[in-house]
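# Tertiary structure, described
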Amino acid sequence: MTAAAHLLLDAAHAEGFELAGLTPARPHPDYERYRSWVERGRAAGMGYLTDHRAAVRKDPREIFPAAETLLCVGKLYQTAGPGSVSDLPSGQGWVSRYAWGSRDYHEVLGESLH
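Keep in mind the model is a prediction, meaning the values are calculated, not measured. (Residues numbered from 1 in each chain as written. Predicted model: local features only at pLDDT ≥ 70, side-chain atom pairs only at ≥ 80, totals over all residues. Heavy atoms only, no water.)

### Observations regarding the pattern of salt bridges
Overall, the coordinates contain 7 salt bridges when judged by the stated rule. Among the ionic pairs, Asp30 bridges to Arg33, the shortest N-O distance being 2.8 Å. Taking the relative accessible area as the measure of exposure, Arg33 reaches 60% and is therefore exposed. Between Glu111 and Arg103 there is a salt bridge, with the nearest N and O atoms lying 2.7 Å from each other. With relative accessibility at 39%, the residue Arg103 sits in the partly exposed group. Shared partners join several salt bridges into a network, and the residues in it are Arg103, Glu107 and Glu111. (Salt bridge = Lys/Arg side-chain N within 4 Å of Asp/Glu carboxyl O. Buried < 20%, exposed > 50% of the residue type's maximum accessible area, 1.4 Å probe, protein only.)

Right under this line is the structure:
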């Protein structure tokens, strides 16, 4: 791994991303499966998956034409609580863990990305 790659990954971890990796900027190999999923109505009311942004999901270079490498990051939302929906009475569930925090996860991720 290059020094630049180490620098990027270290910076991602320093910003609180537990998960970080690098991948070449090229068309997504599963894009047609995504399009089929959308066409079958699986996106329901999630317009951000079907509006003008849908077309740019095929290739990251649609947004950043000069991109060669992508830095992909993620946060872990493991918190205390039930480990599985099988631990709950039938017909009950819980709000996804990313929404358990006191702050909107969009804000938390956005600040870390900035």
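Past the structure itself, the notes keep going.
### So, the packing of aromatic side chains
Evaluation of the coordinates by the stated rule reveals 2 aromatic pairs. Both rings, one in Tyr31 and one in Tyr34, keep their centres 5.8 Å apart while their planes meet at 45 degrees; by these two values the pair is tilted. Note that Tyr31 and Tyr34 are positioned in helix 2 (residues 31-39) at a spacing of 3 residues, about one turn of the helix. Taken as a pair, Tyr31 and Tyr34 share a single burial class, namely buried. (Phe/Tyr/Trp six-rings, centres within 6.5 Å; stacked < 30°, edge-to-face > 60°. Helix = DSSP H or I, 4+ residues; strand = E, 2+ residues; numbered from the N terminus.)

### Observations concerning the environment of Arg103
Position of Arg103 among the secondary structure elements: in the loop between strand 2 (69-74) and helix 3 (105-113). In this structure, the C-alpha to C-alpha distance between Arg103 and Pro29, residues 74 residues apart in sequence, is 34 Å. Each residue touching Arg103, except ones within four places of it in the same chain, is listed here: Val108 and Glu111. A polar side-chain atom of Arg103 sits 2.7 Å from a polar atom in the side chain of Glu111. (Contact = heavy atoms within 4.5 Å. Polar contact = N/O pair within 3.5 Å; in protein donor to acceptor, adjacent residues only side chain to side chain.)

All we've got here are geometric facts, nothing functional implied.
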